[in-house]
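Descriptive structure summary
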Amino acid sequence: MSRYLVPLSALGSALGAAVLLKDHVAGGRCPSKATIPGKTVIVTGANTGIGKQTALELARRGATVILACRDLDKCEEAARFIRGETLNTRVRARRLDLASLRSVREFAAGVIAEEQQVHVLVNNAAVMRCPHWTTEDGFEMQLGVNHLGHFLLTNLLLDKLKASAPARVINLSSLAHVAGHMDFQDLNWEKRDYDTKAAYCQSKLALVLFTRELARRLQGTGVTVNALHPGVARTELGRHTGMHSSAFSSFTLGAGPADVPPPRI
Ligand SMILES: NC(=O)c1ccc[n+]([C@@H]2O[C@H](COP(=O)([O-])OP(=O)(O)OC[C@H]3O[C@@H](n4cnc5c(N)ncnc54)[C@H](OP(=O)(O)O)[C@@H]3O)[C@@H](O)[C@H]2O)c1
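Residues numbered from 1 in each chain as written. Predicted model: local features only at pLDDT ≥ 70, side-chain atom pairs only at ≥ 80, totals over all residues. Heavy atoms only, no water.

The chain appears in an unreviewed UniProt entry as Retinol dehydrogenase 13 isoform X2 from Erinaceus europaeus. One UniProt comment on the chain, placed under Sequence similarities (unreviewed entry), says "Belongs to the short-chain dehydrogenases/reductases (SDR) family." (UniProt positions renumbered as here; feature names shortened; annotations may be inferred.)

**Quick word on the overall build of the chain**
Scanning the chain from terminus to terminus reveals seven helices and six strands. Starting at the N terminus and walking to the C terminus, you meet the elements of the chain as α-β-α-β-α-β-α-β-α-β-α-β-α. By the burial criterion, 46% of the 265 residues in the chain qualify as buried. A separation of at least 24 residues holds for 74% of the contacts in the chain among residues at least 6 apart in sequence. By element, 56% of the accessible surface of the chain is carried by carbon and sulfur atoms, the whole surface being about 13700 Å². (Helix = DSSP H or I, 4+ residues; strand = E, 2+ residues; numbered from the N terminus. Buried < 20%, exposed > 50% of the residue type's maximum accessible area, 1.4 Å probe, protein only. Contact = heavy atoms within 4.5 Å. Areas by Shrake-Rupley, 256 points an atom, 1.4 Å probe, with all protein chains shown as cover.)

**Let's talk about the nonpolar core**
Ranked by size, the top nonpolar core spans 30 residues in total, and within it Ile42, Leu96, Phe107, Leu153, Leu157 and Leu161 carry the most contacts. Sorting elements by how many residues they give to this core places helix H5 (residues 141-163) first, with seven residues. Setting aside residues no more than four positions away along its own chain, Leu157 makes contact with Ile42, Ala108, Val111, Ile112 and Leu121. Ranked by size, the runner-up nonpolar core spans 24 residues in total, among them Cys69, Cys75, Ala79 and Ile82. (Core = buried A, V, L, I, M, F, W, Y, C linked by side-chain atoms within 4.5 Å.)

**With respect to the environment of Ala227**
By secondary structure assignment, the location of Ala227 is in strand E6 (residues 223-228). Classification of Ala227 by relative accessible area gives partly exposed; the value is 35%. For the pair Ala227 and Lys204, spaced 23 residues apart in sequence, the C-alpha to C-alpha distance is 9.8 Å. For Ala227, the contacting residues outside a window of four places in its chain are Asn171, Ser173 and Thr211.

**Topic: the pairing of strand E3 (residues 91-95)**
As judged from the five bridges shared by strand E2 (residues 64-69) and E3, these two strands associate in the parallel manner. Note that in E3 the partner of Ala68 across the bridge is Arg94. Running through helix H3 (residues 72-86), the crossover from E2 to the neighbouring parallel element E3 is right-handed. (Pairing = 2+ DSSP bridges. Right-handed = clockwise from strand over helix to strand, strands pointing away.)

**Structural notes on the site of the ligand**
Taken together, 29 residues lie near the ligand, and Asn47, Arg70, Asn124, Tyr200 and Thr235 sit nearest. Ala126 is positioned such that a nitrogen or oxygen atom in its backbone is 3.2 Å from an oxygen atom of the ligand. In this structure, Leu172 approaches the ligand through a main-chain N or O atom, which is 3.4 Å from an oxygen atom. Here the ligand has 900 Å² of accessible area as a free molecule, and 97% of this is covered by the chains. Breaking the shell around the ligand down by element, the ones donating at least two residues are helix H2 (49-60) and helix H6 (196-217). Of the residues belonging to the shell around the ligand, the class tally is 13 nonpolar, 10 polar and six charged. (Near = heavy atom within 4 Å. Polar contact = N/O pair within 3.5 Å; in protein donor to acceptor, adjacent residues only side chain to side chain. Nonpolar A, V, L, I, M, F, W, Y, C, P; charged D, E, K, R; others polar.)

**Some words on helix H4 (residues 101-114)**
Along its 14 residues, H4 runs 20 Å from first to last C-alpha, staying within 8% of the 20 Å computed at 1.5 Å per residue. Every buried residue belonging to H4 is among Ser103, Val104, Phe107, Ala108 and Val111, and all of these are buried. Buried residues in H4, looked at end-on, bunch into an arc of 130°, giving them a common side. Of the exposed residues in H4, the ones pointing more than 90 degrees away from its buried face are Glu106 and Ala113. Of the surrounding secondary structure, the elements contacted by the buried residues of H4 are strand E1 (40-44), E2, E3 and H5. (Expected span 1.5 Å × (residues − 1). Arc of directions from axis to C-beta.)

**Observations concerning the pairing of E1**
Both faces of the sheet carry side chains from a regular strand, because those side chains alternate between them. Burial analysis of E1 places five of its five residues in the buried class, which makes it a mostly covered element. By the alternation rule, side chains of E1 split into Thr40, Ile42 and Thr44 and Val41 and Val43, which are all buried. As defined by bridge partners, E1 adjoins E2 across five bridges and the pair is classed as parallel. Counted as the bridge partner of Val41 is Val65 from E2. Taken together, E1, H2 and E2 form a β-α-β motif whose crossover is right-handed.

**A closer look at the packing of H4 against H5**
Geometry of a packed helix pair, given as the angle between the helix axes and the separation of the axes. Orientation of H4 relative to H5, taken along the N-to-C sense of each, is 20°, at an axis distance of 10 Å. Considering the angle they form, H4 stands roughly parallel to H5. The handedness of the crossing between H4 and H5 comes out as right-handed. Along its contact with H4, which presents Leu101, Val104, Arg105, Phe107, Ala108, Val111 and Ile112, the element H5 presents Gly149, Leu152, Leu153, Leu156, Leu157 and Lys160. Tallied by class, residues from the contact of H4 with H5 come to 10 nonpolar, one polar and two charged. (Axes fitted to C-alpha atoms, helices over the stretch in contact; angles between N-to-C directions. Parallel < 35°, antiparallel > 145°, perpendicular 65-115°, else oblique. Left-handed = near helix turned anticlockwise from the far one by under 90°.)

Below you can see the structure in the form of structure tokens.
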């Protein structure tokens with residue numbers, strides 16, 4: 001028996017450590033039972049992953065939810081799913097391609113015309129570690145989608161948010177921002193070899209810097225601005241990498257999209 005003791009306790013420790021790691025990377029759960037009828041919320045990139053779970057949870061809590069996605073078919077499908085799950089009929093699908101400033105302007109104009117109030121803007125959409133693509137306007141794709149598109153969207157909706165106060169802007173950044181470096185001489189990676197990881201980190205740092213400055217400028221307006229790291233969740237974010245498809249990732253990130261904890265709103 002004693003010869004099994006050491007391997008068994010090593011196995012037990014390894015399993016315990018894996019469970020603790022899983023708990024740690026998955027982040028916390030929102031304990032609030034608050035309902036939010038009468039509130040209008042926009043969630044970008046809401047057709048899948050954390051955005052879809054956020055939209056589902058907020059619809060369940062009674063909000064009017066606008067799903068803002070680049071693929072309208074996927075958007076309609078997610079909206080139908082959320083309406084079915086929550087029996088909340090005030091869930092709408094709208095087209096928003098953050099890689100096109102024209103699309104951002106069209107989306108914002110539609111919201112301003114259609115919605116009397118907007119109380120919460122969740123800037124969730126992102127692309128991670130894609131090839132060296134550029135947006136319609138020529139910006140490096142990760143900076144363009146993750147930061148610049150959201151920067152323009154937020155600014156276009158600011159008057160509406162202020163008029164709806166108390167209101168809030170939630171920016172989904174990432175822990176990756178701590179490794180970020182802003183290269184203001186070469187934001188678009190035209191003078192250096194493209195590094196997909198560094199470009200993602202830069203885009204998430206840009207979002208954090210935007211959050212801090214906007215929060216400062218909006219003091220006293222009743223509109224708060226916060227950034228968050230959502231924990232690690234198995235979503236489609238790793239679609240341009242091998243991440244999330246390895247056996248280790250699948251185990252550690254075991255929570256599938258249905259278990260993704262929504263950000264605290
Ligand atoms: N999952 C994690 O572990 C993790 C960790 C840290 C931070 N985050 C952050 O959490 C947020 C949500 O990520 P996720 O994990 O849910 O990723 P995801 O499953 O890949 O979802 C990303 C969403 O962004 C949308 N999107 C991409 N490009 C877009 C564009 N040009 N215009 C409009 N929408 C666009 C995607 O739409 P399509 O489906 O049409 O491409 C999708 O709806 C991101 O900001 C991410 O950086 C996630």
